[in-house]
Amino acid sequence: DIQMTQSPSSVSASVGDRVTITCRASQGISNWLAWYQQKPGKAPKLLIYAASSLQSGVPSRFSGSGSGTDFTLTISSLQTEDFATYYCQQGDSFPRTFGQGTKVE
Amino acid sequence: QVQLVQSGAEMKKPGASVKVSCKASGYTFSTYGISWVRQAPGQGLEWMGWINVYNGNTNYAQKLQGRLTMTTDTSTRTAYMELRSLRSDDTAVYYCAKDYYGSGSYYSHWGQGTLVTVSS
């Protein structure tokens, strides 16, 4: 199975800050990576797919980059509604696997 | 608009089975697969498996093999997830999710979640 490792596990940030979350795959996954946002009591929401493609309706302050084993999610200017937990997920092979999550607080 | 509406919360005893439904609307049901993901209390997301709605092919997480069955009913546009021989560590919120593409790589829409509690 492909292991997905996110860092940091949590990040303390303020409105307006630039926030960067990294995700590392245990083996190369090309660009088969997605990022999701999850708020308490809610289902995850797709933000980024194919490593860098912005899902329709997602604000442009969210961006993704990377390929192979190393990926990054960046929030350029953190807004109040962005305080949440973020997960990466590989879509390269079965079983699909998620990172452990990064809480932005 | 695309919607996935799941069945309600369940409380089960250890050893029992649970079957959660996920009714889809707003898109061509047979074109996209459905995945199931669960989340134990306070924990991260765990992928359980995927079903190709068009042909019924499935792929399950190895740790759940033998206890998990995913099916669909195209006439009612509903996907089902059945988990048997429940244990306390199966207590979780269970989500269904629609493929972004057709291959189960990413999930563009999610159900609201179904809490399954396993307790004696």
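What you see is a predicted model; the values in this text were computed from it and never measured. The residue numbers shown here count from 1 along each chain, following its written sequence. Chain A is the first chain written and ligand 1 is the first ligand written, with later ones labelled in order. Where totals are concerned, whole chains, interfaces and linings use all residues; where local detail is concerned, this predicted model gives features only for residues with pLDDT of at least 70, and gives and counts side-chain atom pairs only at 80 or more. With hydrogens and water excluded, all non-hydrogen atoms of the structure serve as input to the side-chain values.

**Here we look at the pairing of strand 9 (residues 92-99) of chain B**
Residue and element names in this part refer to chain B.
Stage number 1. Accessible area is worked out with a 1.4 Å probe on protein chains only. A residue is then buried under 20% of its type maximum, exposed over 50%, and partly exposed in between. Think of it this way: any DSSP run of H or I at least four residues long counts as a helix, any run of E at least two long counts as a strand, and we number them from the N terminus. In terms of burial, strand 9 is largely enclosed, as seven of its eight residues are buried.
Stage number 2. Relative to strand 9, strand 4 (residues 34-39) is paired through six bridges, and the arrangement is antiparallel. Its bridge partner lying in strand 9, Arg38 is registered against Tyr94.
Stage number 3. Any two strands between which DSSP finds at least two bridges are classified as paired. Here three bridges tie strand 9 to strand 11 (residues 114-118), and the two strands are oriented antiparallel to one another. Directly across from Val93, in strand 11, lies its bridge partner Leu115.

**A look at the pattern of salt bridges**
Residues and elements named next belong to chain B.
Stage number 1. By definition here, a salt bridge exists when the distance from a side-chain nitrogen of Lys or Arg to a carboxyl oxygen of Asp or Glu is within 4 Å. Across all of its chains, the model carries ten salt bridges over all chains by this definition.
Stage number 2. Lys12 is the salt-bridge partner of Glu10, the closest N and O atoms lying 4.0 Å from each other.
Stage number 3. The exposure class of Glu10 is partly exposed, given its relative accessible area of 24%.
Stage number 4. Take Lys12: its relative accessible area is 24%, and that puts it in the partly exposed class.

**Here's the deal with unusual backbone geometry**
Residue and element names in this part refer to chain A.
Stage number 1. Cis rather than trans, the peptide bond between Ser7 and Pro8 has omega equal to -5°.
Stage number 2. Assignment of secondary structure puts Pro8 in the loop between strand 1 (4-7) and strand 2 (10-11).
Stage number 3. Note the cis peptide between Phe94 and Pro95, where omega equals -5°.
Stage number 4. Note that Pro95 resides in the loop between strand 9 (85-90) and strand 10 (97-98).
Stage number 5. Phi at Ala50 is positive, roughly 50°, even though this residue is not glycine.
Stage number 6. Note that Ala50 resides in the loop between strand 5 (45-49) and strand 6 (53-54).

**Regarding the interface of chain B and chain A**
Stage number 1. Residue contacts follow a heavy-atom distance rule, with two residues in contact if any of their heavy atoms lie within 4.5 Å. Counting from both sides, the interface comprises 20 residues of chain B and, opposite them, 20 residues of chain A.
Stage number 2. Values labelled buried area give the accessible surface lost by two parts on being combined, using a 1.4 Å probe and summing over both. Around 1800 Å² of area is buried between chain B and chain A when both sides are counted, 61% of it from carbon and sulfur atoms.
Stage number 3. It is Leu45, Trp47 and Tyr106 of chain B that lose the most area in chain B upon contact with chain A, and together they represent 36% of the buried surface on that side.
Stage number 4. Applying the counting criterion to the chain B and chain A interface returns zero salt bridges.
Stage number 5. We call two N or O atoms a polar contact when they sit within 3.5 Å, provided that within protein one can donate a hydrogen and the other can accept it, with sequence-adjacent residues counted only if both atoms are side-chain atoms. Where chain B packs against chain A, one counts 13 residue pairs in polar contact (both at pLDDT 80 or more).
Stage number 6. Counting only elements with at least two residues in the side of chain B that touches chain A, the list comes to strand 4, strand 5 (46-51) and strand 10 (107-110) of chain B.

Shape descriptors only; they carry no functional weight alone.
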